[in-house]
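# Structural characterization, general
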Amino acid sequence: MCGVLGLLLHDQDGQAAPEICEGLSLLQHRGQDACGIVTCGAKGKLNQCKANGMVRDVFDPKSLSSLVGAMGIGHVRYPTAGSSAHSEAQPFYVNSPYGIVFAHNGNLINTSDLKYFLDHEAHRHINTDSDSELLLNIFADNLQKTGKFRINEEDIFTAIGDLMRHCRGAYACVAMIAGFGIIAFRDPNGIRPVGMARRRTPDGAYDYIFSSESVVADAGGFGEWEDVKAGEAIIITRLSVTRRHLVPDRTFAPDIFEYVYFARPDSVLDGVSVYRSRMAMGENLAAEVERVLKEKDIKVDVVIPVPDTSRVSALELAQRLGLPYREGFVKNRYVGRTFIMPGQQMRKKNVRRKLNAMALEFANKVVLLVDDSIVRGTTSKEIIQMAKDVGAKKVIFASCAPPIRYSNVYGIDMPSRNELVAFERSEDEIAKALGADVVIYQTLPDLINSVTQFNPDLTRFDCSVFDGVYVTGDVQEGYLAHLEQLRSDNAKIKTMSMGMSLPPDEVASLANSPARGRIANGTNGVLGGPSEVHEEPVGCSGPMNGADDTVGLYNSWSAAASEKSRERSQGRSDIGGLSSFTS
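So, here is what we can say about the structure in this document. (Residues numbered from 1 in each chain as written. Predicted model: local features only at pLDDT ≥ 70, side-chain atom pairs only at ≥ 80, totals over all residues. Heavy atoms only, no water.)

Quick look at the packing of helix H9 (residues 274–296) against helix H10 (residues 311–321) now. Remark: H9 packs on H10, axes separated minimally by 7 Å, with the N-to-C direction vectors making an angle of 45 degrees. Compared by their axis directions, H9 and H10 come out oblique. The handedness of the crossing between H9 and H10 comes out as right-handed. Contact with H9, carried on its side by Tyr275, Arg278, Met279, Met281, Gly282, Glu283, Leu285, Ala286, Val289 and Glu290, involves Val312, Ser313, Glu316, Leu317, Arg320 and Leu321 of H10 and no other residues of that element. Looking at the contact of H9 with H10 residue by residue, the classes come out as 9 nonpolar, 2 polar and 5 charged. (Axes fitted to C-alpha atoms, helices over the stretch in contact; angles between N-to-C directions. Helix = DSSP H or I, 4+ residues; strand = E, 2+ residues; numbered from the N terminus. Parallel < 35°, antiparallel > 145°, perpendicular 65-115°, else oblique. Left-handed = near helix turned anticlockwise from the far one by under 90°. Contact = heavy atoms within 4.5 Å. Nonpolar A, V, L, I, M, F, W, Y, C, P; charged D, E, K, R; others polar.)

Within a beta sheet, neighbouring strands are joined by backbone hydrogen bonds and run either parallel or antiparallel to one another. What the 6 strands build is an open sheet, ordered E5-E6-E7-E8-E12-E13; its pairing is antiparallel. Strands at the two margins of the open sheet, each flanked by one partner only, are strand E5 (92–94) and strand E13 (241–245). Across the sheet, the mean angle separating the axes of adjacent strands is 15 degrees when strand polarity is ignored. Pairing analysis gives 5 bridges linking strand E12 (residues 232–236) to E13, with the strands arranged antiparallel. If you follow isoleucine 236 over to E13, its bridge partner there is valine 241. (Pairing = 2+ DSSP bridges.)

Glancing now at the pattern of salt bridges. Throughout the structure, instances matching the rule amount to 26 salt bridges. A salt bridge links arginine 77 to glutamate 88, with the nearest nitrogen and oxygen atoms 3.1 Å apart. Here the residue arginine 77 occupies a position in strand E4 (residues 71–77), and glutamate 88 occupies one in the loop between E4 and E5, the gap between them amounting to 11 residues. For the pair shown, arginine 77 and glutamate 88 are each scored as buried. A salt bridge links glutamate 154 to arginine 244; its shortest N-O distance comes to 2.9 Å. Of the two residues, glutamate 154 is situated in helix H6 (residues 153–166) and arginine 244 in strand E13; the sequence distance between them amounts to 90 residues. For glutamate 154, a relative accessible area of 41% gives the class partly exposed. Three or more residues are tied together by salt bridges with common partners; here these are Arg30, Arg192, Glu213, Asp255 and Glu258. (Salt bridge = Lys/Arg side-chain N within 4 Å of Asp/Glu carboxyl O. Buried < 20%, exposed > 50% of the residue type's maximum accessible area, 1.4 Å probe, protein only.)

In structure tokens:
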């Protein structure tokens, strides 16, 4: 899952980068692995800054000052395909034709076919394992076929339409063509979100923004938010806004997990308030909880949410059941979202860093914990144990989403079906695995109703993680196995790159995997020691030949400056912690 953003200011002397940076910080929840901004200045000159890390660490006043230009695009990354290497931070760039910059949220399912085409027919070099780079080069090749010195909107629509006919999967994309304008388009099923808004300038013209979520537009003073429709492309220049539906109608099926977990509650996606949908999830879940508790003759003393996503649903559930609602967990806001952390060890280690249970809300009580979903079960198991450690008599665990039993192929990192706690388990077996007394799940019809009641035009969703039905209709078992192996290997590589050890059997399997080329052995030359992630040398511009690993554009990001920024941030955190303690 990633976040994309594009901005075009009407004032040609304006600077887009600071506002893009602010917007990316509002999308940080969608990706914490890497981020980047590319702007376009005078005479089509492109300026870039991107790296692994959080928005606050990658961008400082110096790097932002180098990003000159009144239009640009940005990206926050959470890797679901490819690796976590610095070279895979987005936006991506190709100089031919016309100078194109590209940011993508989603995942393609026919990457092998596309790679073959680009290599054998288009003769375009692919420098990373990212499917985002594939999309960019398919788009670039389609534009190249025009053979024109200068292109127009009609050429761009033709190129994107051809891309949509050949690229299968989920994609919400924002692109920029040097000196021309910004572009957004969405896959024919509308699986991933992107929308646009505008802001009136003092001289009566408009600034325009594309974003994965409406919250960015709200914060920037933009209005008239509307979603890019499935299969639609929108082109914005300083002279015009042009939009077109490019492919025959397919089933419109946005990913329902956006409403459950990923999106901010203050966003509106496809005409539905995420906040309102989560209220409805709590209301619908209350009926199921009441039924199960009555059946098992259990009386609950208190409802406690697992922060933060489930708060809205938990409060609504408590009100419906007439039960006390309490905040029993205190959250450390400086630890990332555990679900999108790269390895199982890291997720488990960070749960107790992230949350602390207050004994006075748990001691001698039957507690109903409410969470947005249960994926691997790592976080849930630790939280349940924390509640018992501080004196809870019984722990009932309720999920606002149904059991997650299948892989996601459209941009959510669920590495293996075998790692999902609900895979081939009954609810009683899941409760035992988590250490809960009872586990209660929302039903899938109730979850769907929680969203559709606010927009009757939404008749179908991608619910593949719950029911195994993939809306694009062409996902084969072989592809699922390949994707699960790839994601698992990447998680292991990143775990090792942070100096953490792996069990010997996992190290052995990784040494024989296709991803082995991305591992640099530690000083002792043994897999499993401290290591770093790097790319295999691929072609004349590979990093092993001395080129910057963000090939094509000068990168204004500085590791030294980033380290100083982190130190300043850490200093502020330490001071804040001390003042809290001494007060």
